[in-house]
Amino acid sequence: MTRHARNSTAGSVYTYHEKKKDQSQSGYGTTAARLGKDSVRNFDCCCLSLQPCQDPVITKEGYLFDKVVILQYVITKKKEVGRQLKAYEEQKKTEEKELATLAEAEKSDKVKSFVKQETNITSKPSTSKSSSEPSISNMAPGKESNVPSFWIPSKTPQAKPSAINKPVQNGLLL
């Protein structure tokens with residue numbers, strides 16, 4: 001089916017011409033763009049520091065490292081993990097404090113509501129209802145506009161700091 005037919009979905013979306021045009025503009029697949037000498041490390045250079053090795057160590061895969069650079073890297077990573085662990089522990093302590101204060105506030109609210117409910121209990125029944133007494137109903141005359149709102153400000157989302165995950169201490173240091 002040709003491209004100019006009614007349903008031109010049979011042809012490829014990215015044509016040969018467009019592909020060649022993009023290749024010529026980006027330089028991909030041509031000899032015009034080559035890597036410079038600075039892009040390739042020398043044979044005797046460490047893979048971490050890119051400097052010539054003083055005390056070389058080679059892996060099974062053939063990667064060359066300097067022993068001093070490896071030790072510096074391990075020490076740096078241990079310090080970083082220690083810093084992350086300290087931040088994680090501080091975050092946990094603040095979360096525990098927040099939970100304790102919330103539990104205490106909830107407990108005091110329950111006590112206050114119980115005391116309020118107990119003080120509202122009357123010992124003598126009222127025999128007549130007068131119009132001057134406050135009504136319990138929200139639909140009493142004049143209280144139509146005071147219907148409780150369903151939007152509760154305490155339930156709105158708040159911006160909290162992002163949670164810190166516990167760092168891996170015995171895993172790979174990379």
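Further up the page is the structure itself.
I will try to describe carefully the structure that is included in this document. (Residues numbered from 1 in each chain as written. Predicted model: local features only at pLDDT ≥ 70, side-chain atom pairs only at ≥ 80, totals over all residues. Heavy atoms only, no water.)

Here we look at the pattern of salt bridges
Where we set the bar: A side-chain nitrogen of Lys or Arg and a carboxyl oxygen of Asp or Glu constitute a salt bridge if their distance falls within 4 Å. Helix and strand definitions follow DSSP, with helices as H or I runs of at least four residues and strands as E runs of at least two, each counted in order from the N terminus. Between buried and exposed lies partly exposed: a residue is buried under 20% and exposed over 50% of the maximum accessible area for its type, with that area taken using a 1.4 Å probe on protein chains only.
Using the criterion set out here, one finds three salt bridges in the structure. One salt bridge in this structure joins Glu80 and Lys77, with 3.7 Å as the shortest N-O distance. Of this pair, Glu80 and Lys77 both sit in helix α2 (residues 67-119), separated by three residues, roughly a single helical turn. Classification of Glu80 by relative accessible area gives partly exposed; the value is 28%. Ionic pairing is found between Glu95 and Lys92, a salt bridge with its closest N-O pair at 3.8 Å. Here Lys92 and Glu95 lie together in helix α2, a separation of three residues that amounts to about one turn. Owing to a relative accessible area of 32%, Glu95 belongs among the partly exposed residues under this scheme.

What to know about the layout of surface pockets
Put simply, the rule reads: Only protein atoms enter the 1 Å grid used here, on which a cavity is any set of points holding a 1.4 Å probe that cannot leave and a pocket is any open set flanked by protein within 12 Å on both sides along at least five of seven lines; residues with an atom within 4 Å of a point are listed as lining. Grid points are joined across faces, edges and corners, and a volume is the space filled by probe spheres set on the points. In this count, Pro and Cys sit with the nonpolar residues alongside Ala, Val, Leu, Ile, Met, Phe, Trp and Tyr, while Asp, Glu, Lys and Arg are called charged and the others, Gly among them, polar.
When its volume is computed, the largest pocket comes out at roughly 350 Å³. For the lining of the largest pocket, a count of residues per class yields five nonpolar, four polar and three charged.

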